Amino acid sequence: MAGLIRREDADWMADKSGAFAAALLDNSKGRIDVVQDVIKRVPAEIALRFFGLQCDDVDGFADWTIALSAMLFGDPYGKPAVRAVAVNAARRLGAVIDEALVRARQRAAAGRLQDDTLLARLVLAQGAHGLTDAEMRAMVTGMITGFVPTNMLAGTNMLEVLAQHPHGWDAAVTAARAGDSGTMRALVNNMVNGTTKG
């Protein structure tokens, strides 16, 4: 199933991530919960669009992926409460994916399905590869469960790096108070590139 994920997808995600983060910072009026409102929200927004899903509750969507990830990777003892939350999350996420499959098939039947989302590409490849709906749902669930929480972890790790460098932290606080999103973007780029100085 070559071609499902393409190099230009990474470029699209980078562009969209930057645009979402910039819009959130620009509209924050100097106050923002960086973990909840940026680090959690941006990967969820990207995932919804890239996979071709629709969900009115973006924060809930992110929480479902976190619950699934917690059960798969963070619950070595199999706690019943963790499993119960994850099972509920899987049902909700499955419903969002199933609704997207229906929409994609309707567009395909009308000759209007483009291969601009991962789910659309799966639907277009379904016949040639003998994929069942359950297999497509499992593939998308697995990728989303990895995508949102992993990006959140990376983002919070970058925030921790910034907090460990007083000069960078002070610059971020000053920029946030001034509403200087350009400096904030430069600081994030420095963290990503490993050039943040103490």
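Let me begin by describing the structure that accompanies this report. None of these values were measured; they are calculated from a predicted model.

## Points about the side chain of R121
Link 1 in the chain: Checked against the element boundaries, R121 lands in helix α6 (residues 118-129).
Link 2 in the chain: Residue classification places R121 among the buried residues on the basis of a relative accessible area of 6%.

## Topic: the environment of A22
Link 1 in the chain: With respect to the helices and strands, A22 occurs in helix α1 (residues 7-26).
Link 2 in the chain: Taking relative accessible area as the criterion, A22 reaches 11% and is therefore assigned buried.
Link 3 in the chain: As for A22 and S181, which are separated by 159 residues in sequence, their C-alpha atoms are 7.0 Å apart.

## Comments concerning the nonpolar core
In summary, soluble globular proteins display a tendency toward joint burial of nonpolar side chains.
Link 1 in the chain: One finds F51, L53, F61, W64, V140, I144 and V148 to be the most contacted residues of the largest nonpolar core, which totals 42 residues.
Link 2 in the chain: Looking at this core, the elements that each hand over two or more residues are α1, α2 (34-39), α3 (41-51), α4 (58-73), α5 (80-109), α6 and α7 (133-163).
Link 3 in the chain: Ranked by residues supplied to this core, first place goes to α5 with eight residues.
Link 4 in the chain: Beyond its immediate chain neighbours, meaning those up to four positions away, V140 contacts F51, I97, L119 and L122.
Link 5 in the chain: Within the second largest apolar cluster, five residues are counted, among which are L162, A175, M184 and L187.

## As for the packing of α5 against α6
The description of two packed helices rests on the angle between their axes and on the distance between the axes.
Link 1 in the chain: The geometry of α5 relative to α6 is characterised by a closest axis approach of 10 Å and an angle of 60° between their N-to-C directions. As summarised for this structure, α5 and α6 are arranged oblique, according to the angle between their axes. In the crossing of α5 with α6, the sense of the turn from one axis to the other is right-handed. Of the residues in α6, those touching α5 at I97, A100, L101, A104 and R105 are L119, V123 and Q126.

## Side note on the packing of aromatic side chains
Link 1 in the chain: The final tally for this structure, using the stated rule, is three aromatic pairs.
Link 2 in the chain: Between W12 and F50 the ring centres are 6.4 Å apart and the planes differ by 40°, which places this aromatic pair in the tilted class. Residue W12 is found in helix α1, and its partner F50 is found in helix α3; the two are separated by 38 residues along the sequence.
Link 3 in the chain: When its relative accessible area of 4% is taken as the criterion, F50 is described as buried.
Link 4 in the chain: A connected cluster of aromatic rings, assembled from ring pairs, spans W12, F50 and F51.

## Topic: the side chain of T145
Link 1 in the chain: Examined against the element boundaries, T145 turns out to sit in helix α7.
Link 2 in the chain: T145 gets classed as buried once you look at its relative accessible area, which sits at 4%.

Calculation criteria
- Residues numbered from 1 in each chain as written.
- Predicted model: local features only at pLDDT ≥ 70, side-chain atom pairs only at ≥ 80, totals over all residues.
- Heavy atoms only, no water.
- Helix = DSSP H or I, 4+ residues; strand = E, 2+ residues; numbered from the N terminus.
- Buried < 20%, exposed > 50% of the residue type's maximum accessible area, 1.4 Å probe, protein only.
- Core = buried A, V, L, I, M, F, W, Y, C linked by side-chain atoms within 4.5 Å.
- Contact = heavy atoms within 4.5 Å.
- Axes fitted to C-alpha atoms, helices over the stretch in contact; angles between N-to-C directions.
- Parallel < 35°, antiparallel > 145°, perpendicular 65-115°, else oblique.
- Left-handed = near helix turned anticlockwise from the far one by under 90°.
- Phe/Tyr/Trp six-rings, centres within 6.5 Å; stacked < 30°, edge-to-face > 60°.

Note that every value here comes from positions in space, so none of it alone points to a role or purpose.
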